[in-house]
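A structural walkthrough
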Amino acid sequence: MNAYIAMSGGVDSSVAALLTRQAGHDITGVTLRLHDKQGCGSGGDALEARAVCQQLGAPHLIWDGQPRFRASVMDHFAQAYLQGATPNPCINCNRYLKFGLLLDKALEEGADFVVTGHYARVARGENGRWLLKKGLSPQKDQSYVLYTLSQHQLSHLRLPLGEYTKEEVRAIAAGAGFANAQKPDSQDICFVPDGAYARFIWEHTGHSPEPGDFVDMDGCILGRHGGIECYTIGQRRGIGISGSHPYYVVAKNALRNTVMLGEDEDLYRDELEAGDVNWIAFDHPDGPVRCAARTRYHQAETPCTVYPGEDRVRVRFDAPIRAVTPGQAVVFYDGDLVLGGGTIL
């Protein structure tokens, strides 16, 4: 079988390539050039990926993903922030680059399947449907950022690291003599390596910050903010407004250019709506679905009921959860099985 390995230059994709080779498959490493910053998707990472391929005796390709990355990830990120949302760019990168551009081109070139270094598992149900499951290591499970996968994509995807812990993966890399065995994991968004999201948005779009009002839960003005793109739901630091209690960002209104502040207790919600929903475990539920959900990457799951509609879902939680944030993903689970997910509205 002919496998194309999505290689970022990190230890995870390197070990995924090694395990695939050891399983008896022909492998080709592919690195997507996404931007001119440092980190994932950069030219430096491509050199590290090539070095691993040379050790494995495998060809290595560099494909240009910059136009699609800019349109589908960077532009979307900036516009979502300006509209008051807080997007997760890794989800869109997976959706449009790794399992869009890379997968499609690999299949065109004759690949039987694509391999990535994500900590999750692909399985086949008794009815023949392709399923997505959590990685066995709770600390590294990445199923949350893969909920957009389709049946076509899952059928051509292999995730060999889903059975391993990070420590085991590093040990395998060290045993193979990979120079990146102890390379640190990426922590920041790859195209904003310094974490200065607002500055990136201003430089990327040419948009000038528009100051507006901080308001309390009753709509009374508390002070001035420096642009809604500078804040996210649940934020406490950097607000610059003092009072008899700590203030947290509770909501943002892009039309009015206001940022609502409240107390910690004001951050809790027991219901949300989500759109752009993708179901994996079934085509579309016939009625309400009892499951558990995450609204953030490493958040503990909360039991809930999902009420499906025509183009969106309503999610009612058994207990209130903190800092539900428009633009983030809500992902639904039944044990270790990913049922699907959507974008919080």
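A brief report on the enclosed structure follows. The shown structure was predicted, so the numbers you read here are calculated from the model rather than taken from an experiment. (Residues numbered from 1 in each chain as written. Predicted model: local features only at pLDDT ≥ 70, side-chain atom pairs only at ≥ 80, totals over all residues. Heavy atoms only, no water.)

A short note on the sheet that holds strand β9 (residues 221–225)
Strand order in the open sheet formed by four strands is β9-β8-β11-β10, with mixed pairing between adjacent strands. With partners counted over all chains shown, the strands left at the sheet margins are β9 and β10 (248–253), one partner each. Averaged over all pairs of adjacent strands, the angle between their axes in this sheet comes to 30°, without regard to strand direction. By the bridge criterion, four bridges tie strand β8 (residues 212–215) to β9 in an arrangement that is antiparallel. Within β9, the position partnered with valine 215 by the bridge is isoleucine 221. (Pairing = 2+ DSSP bridges. Helix = DSSP H or I, 4+ residues; strand = E, 2+ residues; numbered from the N terminus. Axes fitted to C-alpha atoms, helices over the stretch in contact; angles between N-to-C directions.)

Let's talk about the nonpolar core
Of all hydrophobic cores here, the largest spans 27 residues; its most connected members are Phe69, Leu97 and Phe191. Here this core gets seven residues from one element, more than from any other, and that element is helix α3 (residues 66–82). Of all hydrophobic cores here, the second largest spans 23 residues; its members include Met7, Val15, Leu18 and Cys53. (Core = buried A, V, L, I, M, F, W, Y, C linked by side-chain atoms within 4.5 Å. Buried < 20%, exposed > 50% of the residue type's maximum accessible area, 1.4 Å probe, protein only.)

Considering the state of the cysteines
Taken as a whole, this structure holds zero disulfides when the rule is applied. There is no disulfide at cysteine 90, and the cysteine sulfur nearest it, in cysteine 93, is 7.0 Å away. For cysteine 90, a relative accessible area of 45% translates into the label partly exposed. (Disulfide = S-S within 2.5 Å.)

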